[in-house]
Structure formats: structure tokens, C-alpha cells
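Chain by chain, the residues run as shown.
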Amino acid sequence: MSQIKLQPPRGTRDLIGEEFRRHHRVIKTARRISALYGFEEWATPIFEDTRVFARGLGETSDVVSKEMYEFQDRGGESVTLRPENTAGVCRALVSGGLTQSLPRKVFYAGPMFRYERPQAGRYRQFHQIGAEVLGAAEPLADAEVIACGYHIIRELGLDEGVILEVNTLGDAESRDAYRAALIAHFTAHRDKLSEDSQRRLEKNPLRIIDSKEAQDRALVAEAPTIEPFLTEKARAHWDALRRHLTTFAVPFRENPRIVRGLDYYSHTAFEFVTDRLGAQGTVMGGGRYDGLVEEMGGPPTPSVGWAAGVERLAMLMEKAGLTPAAPRLVTVIPVSDAEEGVALNLLQSLRAAGLGAEMGYRGNLKRRMERANKQGARAAIIIGETEAAAGVAQLRDLDAGTQEQVPFTALVERLKK
RNA sequence: GCGGUCGUAGCUCAGAUGGUAGAGCGCCAGGUUGUGGUCUUGGAUGUCGCGGGUUCGAGUCCCGUCGAUCGCCCCA
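A brief structural summary. For every chain, the first residue of the written sequence is number 1, and numbering continues from 1 along that sequence. To read the labels, note that chains go from A and ligands from 1, taken in the order they are written. Local features are withheld for residues below a pLDDT of 70 in this predicted model, meaning they are given only at 70 or higher, and side-chain atom pairs are given and counted only at 80 or more; totals for whole chains, interfaces and linings count all residues. Side-chain numbers come from the whole structure's heavy atoms, not from hydrogens or water.

1. Section: the overall build of chain A
Here's step 1: For helices the rule is a DSSP run of H or I covering at least 4 residues; for strands it is a run of E covering at least 2, with both sets numbered from the N terminus onward. On a plain count of helices and strands, chain A comes out with 15 helices and 16 strands.
Here's step 2: Scaling as 2.2 N^0.38, a compact globule of 417 residues should have a C-alpha radius of gyration of about 22 Å, whereas chain A reaches 28 Å, well beyond that.
Here's step 3: Overall, chain A is about 90 × 55 × 45 Å in size when its C-alpha atoms are taken along their principal axes.
Here's step 4: With a 1.4 Å probe rolled over the protein chains alone, any residue whose accessible area is under 20% of its type maximum counts as buried; one over 50% counts as exposed, and the rest are partly exposed. Classification of the 417 residues of chain A by burial places 48% in the buried group.
Here's step 5: Here, two residues are considered to be in contact whenever any of their heavy atoms come within 4.5 Å of each other. Taking all contacts inside chain A whose residues are at least 6 apart in sequence as the whole, residues at least 24 apart take part in 68%.
Here's step 6: Per-residue accessibility takes into account occlusion by the displayed protein chains alone, with areas from the Shrake-Rupley method and a 1.4 Å probe. Within the structure as shown, chain A displays about 21100 Å² of accessible surface, and the carbon and sulfur contribution to it stands at 50%. The atom set for the radius of gyration is the C-alpha atoms, and the globule formula is 2.2 Å times the number of residues raised to the power 0.38.

This is the structure in C-alpha cells:
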């Protein structure tokens with residue numbers, strides 16, 4: 001026996017029982033709904049050439065500068081556990097020559113990795129589902145991808161506590177002008193900014209408008225909005241997006257403070273947020289990224305998509321009392337070894353008929369009944385010497401506590417009712 | 001990378017001012033050798049996270065360390 005108490009590595013967790021069922025429900029629902037919208041599921045590698053992320057996400061983003069699980073493999077290549085999947089999908093699009101047939105709608109689900117301090121709703125290994133429309137510049141694509149995300153959230157029963165916030169970041173021209181205006185505004189009041197925001201001023205001035213610091217709020221309130229800096233094209237995109245969302249009957253709120261963390265976004269930025277998860281308010285987030293495929297060596301391919309945190313959605317389900325119930329099986333119980341063969345035949349015929357059924361490996365009748373009960377079985381099928389001889393079973397309803405004799409041949413029918 | 005809080009049984013937790021550890025749930029066995037869930041009787045369970053210090057004596061006080069958790073940064 002080992003003396004060491006092994007635990008899952010920091011920021012990772014085991015998904016067992018209720019936790020797994022919530023997790024699984026999220027992914028299964030997202031798969032089903034995204035398919036209704038014409039998204040095709042892809043699976044890309046869990047690790048990639050480090051350049052896929054370094055180039056795709058922007059060298060200065062926190063994800064790249066301090067959160068990557070990067071290492072040298074035995075061949076000396078620098079590889080990185082994916083911190084998100086959009087860059088990988090774009091790389092796959094290019095690697096596979098799929099830029100020949102656009103647009104494409106892609107769905108994915110899987111683990112992501114970021115080296116961060118864990119806290120509520122944030123883990124080092126976490127899971128995301130995501131949807132991307134690749135090769136469509138039309139604002140209708142933005143609206144449809146958002147509608148799909150909203151549909152998933154609604155299907156999970158989480159739409160009440162979650163609200164969609166949208167914003168536009170404009171195109172490159174709009175944003176450059178806006179950025180310059182922000183820098184001018186905040187530089188004029190530099191000494192009044194929080195320490196963090198002074199740093200942001202150098203690194204990512206847009207982020208200041210998202211600051212939670214009280215001392216920044218006043219300055220942010222006076223700061224210019226992007227609205228007047230939008231080019232005609234950017235404004236048209238923004239107007240069309242909101243119009244389409246309304247047509248899709250997706251409720252939303254405009255929030256000019258939404259700034260996405262990764263460098264590749266332009267035009268549409270959105271978040272589905274909640275106030276029920278402590279500091280981790282964003283449950284699904286995304287936007288338009290028109291330059292990313294090019295970064296991966298492909299042709300200009302305007303795209304839009306989102307990613308959602310499975311853990312966060314699962315936590316919301318838990319809080320809302322929406323944990324899926326465990327499946328309830330039927331337990332077959334032979335009273336003695338002599339009935340084992342008959343019981344096994346019956347067991348397999350139940351399974352063949354599509355009924356979830358189990359039979360314990362050992363134990364007397366009492367122990368097997370206890371076990372059936374503990375596992376939440378809905379019924380027990382008890383076969384003793386006299387039953388085996390007569391081709392019947394005692395069918396016991398474990399909820400009602402009632403018991404009746406049923407011929408083997410009628411069991412499936414009886415249990416399916 | 002930074003800050004707050006917390007580590008006692010499988011789980012949830014109690015253990016004022018230091019005097020060699022407790023409850024509930026769960027688990028095991030009996031009451032019921034062809035019947036669970038209810039009821040009832042009994043039982044087992046801990047290097048009190050780890051290391052060091054103070055003390056006659058530390059779960060309790062001090063230092064360190066590891067872990068968990070919440071928050072900052074950032075993000076799903």
C-alpha cells in the first residue's frame with residue numbers, strides 16, 4: 001500500500017455521478033441543437049504546435065503570455081495543450097484545404113487547458129463546447145450562431161438566469177480610431193487610473209472600459225463610446241446584427257463595455273452572462289474574427305463563433321435543480337446458483353429488448369435486494385426454484401413494494417408499459 | 001503572479017479559556033436462512049493535512065509547508 005495520498009492535479013477534477021450527468025447533458029444537448037442548425041462536429045487535437053496559439057490569440061493576451069501549458073516533446077518540438085479551440089479549428093480548416101468549400105459550420109466539444117489559479121467555475125482543465133461559422137462575412141451568420149447558442153441555453157433550462165449582451169468592436173479602421181480616442185482620453189487622466197488600468201493603457205486600452213475598479217468607473221463613464229467611430233460598413237453590420245437577432249427572437253441587451261480577451265475579434269462581440277456564479281459571470285462568449293484563418297496561412301476567411309464553459313453551464317444546472325436523474329434499471333435476481341443460467345438468459349433478453357437491466361455477481365436474495373434498492377432499480381425480477389420450473393418470475397415494483405407473478409414471455413411487455 | 005478564509009471518520013460538521021477525540025449521515029452485522037426501501041439492536045472507523053517550535057501536556061498557541069476554497073488579474 002502506498003503511503004502517498006494521490007489527488008487529482010490542481011485545477012482538475014473527476015467527473016463522477018451527478019457531476020458527470022450534468023456535464024454530459026450539456027454536451028449532448030449542444031450536439032443535438034447545433035446539428036439542427038447545420039453545424040458539423042469536428043474533433044481537433046488536444047495539443048497543437050505552439051505557434052497555432054501564439055500567433056492566433058495574440059502574443060500579449062494573458063492566455064498566451066502566462067497561461068499556456070507549453071512543453072517540448074521528445075522530438076524537441078514546442079507544443080501546447082489547447083487553451084481554446086477556435087485557433088485549432090481554423091488551423092484544421094487550412095491544413096485540410098477546406099477553405100475551398102466555404103462557408104462551413106463547425107461544432108466541437110472537449111477539454112481545454114489554462115495554467116491559472118483555480119476558483120469557482122474556473123479550472124486548469126476545463127471543457128468547452130463551441131460553434132463556428134467559417135467563411136461568412138454576413139451579419140446573418142453572427143445572428144444565427146448566437147441564436148444557436150441561445151437555443152442550447154434555453155434547451156438546458158438556463159435561459160432565465162442568463163442574459164445575452166452584445167456589442168460591436170467595429171472593423172479594424174473603426175477600432176484603430178476608437179483606440180486612439182480612448183488612449184487620448186485615459187492618458188489625460190492617467191494618474192487617476194487604477195494601477196491595473198495604467199498597465200492596460202499600454203497593453204490593451206480597450207480593456208479599461210471593462211474595469212471593475214471603482215476609481216476607474218468615473219473615467220470610463222466619461223470615455224467616448226465606439227459608436228461615433230464606426231465606419232459606415234461597421235455600422236451597417238451592427239445594425240443588421242441587432243435586426244436579425246430580433247427576427248430570431250433572441251432577447252439581448254446592448255453593453256458597450258464588452259471587450260473580448262483574445263486579440264482576434266472584430267465587429268460583433270457577445271457574452272451570455274449570469275450573476276449566479278460568483279466572479280465567473282460569463283457562461284458563453286464569442287464574436288467575429290475575420291483575420292484568424294489568414295493567421296493560420298489560409299485565405300481571408302471572415303468567421304464568427306462562440307465557446308461556452310461546460311463546467312459553468314453545469315454549475316447553473318445544479319443551482320437550478322436541473323441535475324439529470326440516474327437511469328433506473330431492472331435488477332434480475334436468481335435465488336440460488338441453480339437459477340443463474342435462466343436468470344442470465346432473461347437478463348440478456350431484456351437488454352436486447354432495449355430495457356436497462358442488471359444482475360449482481362454475488363450475494364443471497366437479501367443482499368441482492370439491498371443492492372438493487374441502493375442502486376435505485378425500479379424493479380426486481382426474482383427467480384427461484386419454483387419460478388424457474390414454471391417459466392415465471394416474481395416481478396417486484398421497488399417503488400410501490402408490490403409484487404406479482406409474470407411469465408417470462410410477458411416480462412418485456414410488462415416492463416415497457 | 002497577488003490577497004482573504006479554511007484543513008478533525010467515507011461525507012457534512014462539533015470540539016470556550018491548551019488536559020491523550022465526538023455527532024449525524026453513510027458503512028458492517030443481527031432482529032427477518034425466498035424479499036429491499038421503514039423500524040429496531042449492536043459494531044467498526046481517525047498517524048485531528050504535513051514538518052518544526054512553545055509546554056509537564058497541543059486538534060486547540062506560534063512558525064513553516066502543502067492542499068482546498070473564494071477573490072484580484074484574466075477568462076468559458
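2. Digging into the sheet that holds strand 12 (residues 330-334)
Here's step 1: Pairs of strands are assigned from DSSP output, requiring at least two bridges between the strands. With mixed pairing, five strands are arranged side by side in an open sheet as 13-12-14-15-16. Among the strands making up the open sheet, the edge pair consists of strand 13 (357-358) and strand 16 (403-407).
Here's step 2: Note that strand 12 and strand 13 share two bridges and pair parallel. The partner of Thr331 across the bridge, within strand 13, is Glu358.
Here's step 3: Axis definition: a line fitted to C-alpha atoms, limited for helices to the stretch in contact. Angles are taken between N-to-C directions and run from 0 to 180 degrees. This element, helix 12 (residues 340-352), spans strand 12, strand 13 and strand 14 (379-383) of the sheet and lies at about 165 degrees to strand 12.

3. Describing the environment of Met359
Here's step 1: Position of Met359 relative to the elements: it lies in the loop between strand 13 and helix 13 (365-374).
Here's step 2: Spatially, the C-alpha atom of Met359 lies 73 Å from that of Thr187, the residues being 172 residues apart in sequence.
Here's step 3: Ignoring sequence-local partners within four residues, the contact set of Met359 consists of Val332, Pro334, Glu340, Ala343, Leu344, Leu347 and Arg368.

4. Re the packing of aromatic side chains
The relative placement of two aromatic rings is captured by the distance of their centres and the angle of their planes.
Here's step 1: Pairing of aromatic side chains requires ring centres within 6.5 Å, counting the rings of Phe and Tyr and the six-membered ring of Trp. Pairs whose planes differ by under 30 degrees are stacked, by over 60 edge-to-face, and all others tilted. Taken as a whole, this structure holds three aromatic pairs when the rule is applied.
Here's step 2: Their ring planes at 75 degrees and their centres at 5.5 Å tell us that Tyr69 and Tyr115 sit as a pair that is edge-to-face. Here Tyr69 is found in strand 3 (residues 69-72), whereas its partner Tyr115 is found in the loop between strand 5 (104-113) and strand 6 (125-134), with 46 residues between them in sequence.
Here's step 3: Taking 6.4 Å as the distance between ring centres and 85 degrees as the angle between the ring planes, the aromatic pair formed by Phe270 and Phe272 counts as edge-to-face. Of the two residues, Phe270 and Phe272, both sit in the buried class.
Here's step 4: Seen from the ring of Tyr115, Arg124 lies directly overhead, with NZ or CZ sitting 3.9 Å from the centre. Only when the NZ of Lys or the CZ of Arg is both within 6 Å of the ring centre and within 35 degrees of the ring normal is a charge said to sit over the ring.

5. Topic: unusual backbone geometry
Here's step 1: Pro103 follows Leu102 through a cis peptide bond whose omega is -5 degrees.
Here's step 2: With respect to the helices, strands and loops of the structure, Pro103 is situated in the loop between helix 4 (86-95) and strand 5.
Here's step 3: Residue Ala249 is not a glycine yet carries a positive backbone phi of 60 degrees.
Here's step 4: Tracing the backbone through its elements, the reader meets Ala249 in the loop between helix 9 (232-247) and strand 8 (253-254).
Here's step 5: The phi torsion at His267 lies on the positive side, around 55 degrees, for a residue other than glycine.

6. With respect to the sheet that holds strand 9 (residues 266-273)
Here's step 1: A sheet is described by the order of its strands in space; here eight strands give the open sequence 1-5-6-11-10-9-7-8, paired in mixed fashion. Here the strands that pair on one side only, and so sit at the sheet edges, are strand 1 (40-41) and strand 8.
Here's step 2: When strand 9 meets strand 10 (residues 282-289), the two strands line up antiparallel, connected through six bridges. For Phe270, the partnering residue across the bridge sits in strand 10 and is Gly286.
Here's step 3: Strand contacts of helix 4: strand 5, strand 6 and strand 10, with the helix running at about 45 degrees to strand 6, the strand carrying the most contacts.

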